[in-house]
Amino acid sequence: MPKSPLIPLFALAALTACKGSDSELTDETFETSDCSSATGSEAIVCAADNFLATLDDSELEVVGYSFDDSESKTLWSNLPLGAAGRTGLARGEMSDESLAAMDAFAAVLLSDEGYEDYIGILASDDYLQEIGGGSNYASAEGIIAIYGVPATTGSWMVQLGNHHMAYNVTFVDGVGYPTPNHIAAEPKSAFDLDGVTYAPVVEEGEAFVALTDSLSSTQLSTAKLSSTFGDVLLGPVEYGTGSLSAVSYPSGSSRSGLLASELDSDQLALFNAVLEQWVTDFNGEAISDALMEAYTSEEALADTYIAWAGSGSPDVDSSNTYFRIDGPRVWIELSCQSGVIVRDVTHYHSMYRDKELDYGAEL
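Residues numbered from 1 in each chain as written. Predicted model: local features only at pLDDT ≥ 70, side-chain atom pairs only at ≥ 80, totals over all residues. Heavy atoms only, no water.

Caption draft 1: How the structure looks around the overall build of the chain. Looking only at helices and strands, the chain features 11 helices and 14 strands. Computed over C-alpha atoms, the radius of gyration of the chain comes to 20 Å, within 12% of the 21 Å expected from 2.2 N^0.38 for 363 residues, which places it in the range of a compact globule. In the chain, buried positions account for 57% of the 363 residues. Carbon and sulfur atoms form 47% of the exposed surface of the chain, whose accessible area is close to 14,200 Å². (Helix = DSSP H or I, 4+ residues; strand = E, 2+ residues; numbered from the N terminus. Rg over C-alpha atoms; globule rule 2.2 N^0.38 Å. Buried < 20%, exposed > 50% of the residue type's maximum accessible area, 1.4 Å probe, protein only. Areas by Shrake-Rupley, 256 points an atom, 1.4 Å probe, with all protein chains shown as cover.)

Caption draft 2: Inspection of the packing of aromatic side chains at higher detail. All told, the structure shown has 12 aromatic pairs when counted by the stated rule. Consider the rings of Tyr127 and Phe191, whose centres lie 4.9 Å apart with planes at 35°: the pair is tilted. In this pair, Tyr127 is assigned in helix 6 (residues 112-133) and Phe191 in strand 8 (residues 191-193), connecting sequence segments 64 residues apart. For Phe191, a relative accessible area of 3% puts it in the buried group. Among the aromatic residues, those joined into a cluster by ring pairs are Tyr115, Tyr118, Tyr167 and Phe282. Its end group placed over the ring of Phe67, Lys73 keeps NZ or CZ at 3.6 Å from the ring centre. Across from the ring centre of Tyr249, 5.3 Å away, lies the NZ or CZ of Lys355, which sits over that ring. (Phe/Tyr/Trp six-rings, centres within 6.5 Å; stacked < 30°, edge-to-face > 60°. Lys NZ or Arg CZ within 6 Å of the ring centre and 35° of its normal.)

Caption draft 3: Molecular detail of the side chain of Ser72. Relative to the assigned elements, Ser72 resides in helix 4 (residues 70-73). Owing to a relative accessible area of 10%, Ser72 belongs among the buried residues under this scheme. Apart from residues lying up to four places away in sequence, Ser72 is in contact with Tyr65, Thr87, Tyr147 and Gln159. (Contact = heavy atoms within 4.5 Å.)

Caption draft 4: Highlighting a negative patch on the surface. A cluster of acidic side chains, namely Asp112, Glu113, Glu116, Glu203 and Glu206, defines a negative patch on the protein surface. Of all the elements in the fold, those that place two or more residues in the negative patch are helix 6 and helix 7 (202-213). Inspection of the secondary structure puts Asp112 in helix 6. Residue classification places Asp112 among the exposed positions, given a relative accessible area of 62%. (Patch = residues over 30% accessible without salt bridge, like charges linked within 9 Å, V, L, I, M, F, W, Y side chains within 5 Å. Salt bridge = Lys/Arg side-chain N within 4 Å of Asp/Glu carboxyl O. Lys, Arg positive; Asp, Glu negative; His and termini not counted. Charge placed at Lys NZ, Arg CZ, Asp CG, Glu CD.)

Caption draft 5: Inspection of the packing of helix 2 (residues 40-52) against helix 5 (residues 96-109) at higher detail. With their axes 8 Å apart at the nearest point, helix 2 and helix 5 run at an angle of 170° to one another. In this view, helix 2 runs roughly antiparallel relative to helix 5, as classed from their interaxial angle. For the pair helix 2 and helix 5, the contacting residues are Ala43, Ile44, Ala47, Ala48, Asn50 and Phe51 in the first and Ser98, Ala101, Met102, Ala104, Phe105, Val108 and Leu109 in the second. A per-class count over the contact of helix 2 with helix 5 returns 11 nonpolar, two polar and no charged. (Axes fitted to C-alpha atoms, helices over the stretch in contact; angles between N-to-C directions. Parallel < 35°, antiparallel > 145°, perpendicular 65-115°, else oblique. Nonpolar A, V, L, I, M, F, W, Y, C, P; charged D, E, K, R; others polar.)

Caption draft 6: Molecular detail of the packing of helix 9 (residues 265-279) against helix 10 (residues 284-295). For the pair helix 9 and helix 10, interaxial distance at closest approach is 11 Å and the crossing angle is 150°. As the angle between them shows, helix 9 and helix 10 are arranged roughly antiparallel. Two packed elements cross with a definite hand, and for helix 9 against helix 10 that hand is right-handed. Contacts between helix 9 and helix 10 involve Asn272, Leu275, Glu276 and Val279 on the former and, on the latter, Ser288, Leu291, Met292 and Tyr295. Here the residues of the contact of helix 9 with helix 10 sort into five nonpolar, two polar and one charged. (Left-handed = near helix turned anticlockwise from the far one by under 90°.)

Caption draft 7: Examining the pairing of strand 13 (residues 330-338) more closely. The buried fraction of strand 13 is high, at eight of nine residues. The sheet contact formed by strand 12 (residues 322-326) and strand 13 spans five bridges and is antiparallel. Residue pairing for strand 13: Tyr322 is matched across the bridge by Ser335. (Pairing = 2+ DSSP bridges.)

Caption draft 8: Seen up close, the pattern of salt bridges. Enumeration according to the criterion identifies eight salt bridges in this entry. The shortest N-O distance in the salt bridge between Asp326 and Lys355 comes to 2.5 Å. With Asp326 in strand 12 and Lys355 in the segment after strand 14 (346-354), the pair connects residues that are 29 residues apart, well separated along the chain. For Asp326, a relative accessible area of 2% corresponds to the buried category. Assessed through its relative accessible area of 25%, Lys355 is described here as partly exposed.

Caption draft 9: Looking closely at helix 6. The first and last C-alpha atoms of helix 6 sit 29 Å apart over 22 residues, in line with the 32 Å expected at 1.5 Å per residue. Listed in full, the buried residues belonging to helix 6 are Gly114, Asp117, Tyr118, Gly120, Ile121, Leu122, Ala123, Ser124, Asp125, Tyr127 and Leu128. Just past helix 6, the residue Gly134 takes up positive phi, approximately 100°. (Expected span 1.5 Å × (residues − 1).)

Caption draft 10: Seen up close, helix 10. Given a rise of 1.5 Å per residue, 12 residues ought to cover 16 Å, yet the end C-alpha atoms of helix 10 are separated by just 14 Å, more than 12% below that figure. Along helix 10, the residues classified as buried are Ala286, Ile287, Ser288, Leu291, Met292 and Tyr295. Structurally, the start of helix 10 carries an N-cap: the backbone nitrogen of Glu285 is 3.2 Å from a side-chain oxygen of Asn283. (Polar contact = N/O pair within 3.5 Å; in protein donor to acceptor, adjacent residues only side chain to side chain.)

Caption draft 11: Up close: the side chain of Asp125. Take Asp125: it is sitting in helix 6. Here Asp125 occupies a buried position and makes no salt bridge, while the nearest side chain of opposite charge, Arg86, is found at 7.4 Å. Ignoring sequence-local partners within four residues, the contact set of Asp125 consists of Tyr137, Ala138, Ser139, Asn162 and His163.

Caption draft 12: Here's a closer look at the pairing of strand 12. Most of strand 12 is tucked away, with five of its five residues classed as buried. A two-sided burial pattern is seen for strand 12, the buried positions comprising Tyr322, Arg324 and Asp326 on one face and Phe323 and Ile325 on the other. Strand direction decides the pairing type here: strand 11 (residues 305-309) and strand 12, joined by five bridges, are antiparallel. In the sheet register, Tyr305 faces strand 12, and the bridge partner there is Asp326.

Spatial relationships are all this shows, so hold off on functional conclusions.
As structure tokens, then:
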């Protein structure tokens, strides 16, 4: 059973491979530096500059975009090559030096756990190709695009994308905002590729299951949504528009579930562990630490709903099982759906958004 695309069908016919436009990077000179003593946003900018220093002018033109290019910022999706146009420079078009520098940049942008997910999601596409998925699945199609010029002041954004991957991190005066963030994996279980075992998004699923398993029957009933979901609700619904007008969160009486403020201390620890699976995938000092504090404040917990949908009890091996955290700012979804290449088993799609600060409120 094919998965339902997150991109609106009317947009599919217009998808084309995208190249950089009005690059602000070609006006700059980038040099390699020792980043070992840098921390936070300084370390991220240093690693970005080291990557950009490996590129020639033509590559800088492809990887770079104007920070004001809102339409290109929204060209991210869950779909593989051939079904979705993306911005930026592809991994398969880079020299070995550039590729190593790009991954070093990603390792500083992300936390250790986040980097494991990033590498694992790339590997999952190579795994799908190896087992017969076809050439549309390939880590070589993973891209990087940079909007504006990396700096610890002012605004800039980095986008890392591929099938099942969309990291969109906007920096405003050195503070990073990591949403919208889409990660997914097929298969959802661990897999081996070239002698290495990968398990991206496995812990995300386990964290939601641990939380729902801790709920009493009454709590579980309160948390259950009346609707059913074949996919995440708010994937790349803004694809190519440059606008957030299509991102419509449930409001008023349509928000439902179990309030996080009603959890006991053990359950609250499991709730925090779910948040951490997405929020702390990023550099702590520059991005994640402040967000975790905001999302888990007493005021936030009083308006944060835990919810799930599906038949029977939450079962990640059952298609249409769905989990959600809906706070005053944080929005996290995890959907279980039938595999496309790995048949007869489910795989995960997830979405992390910030209702106030997607794209750093700079779209």
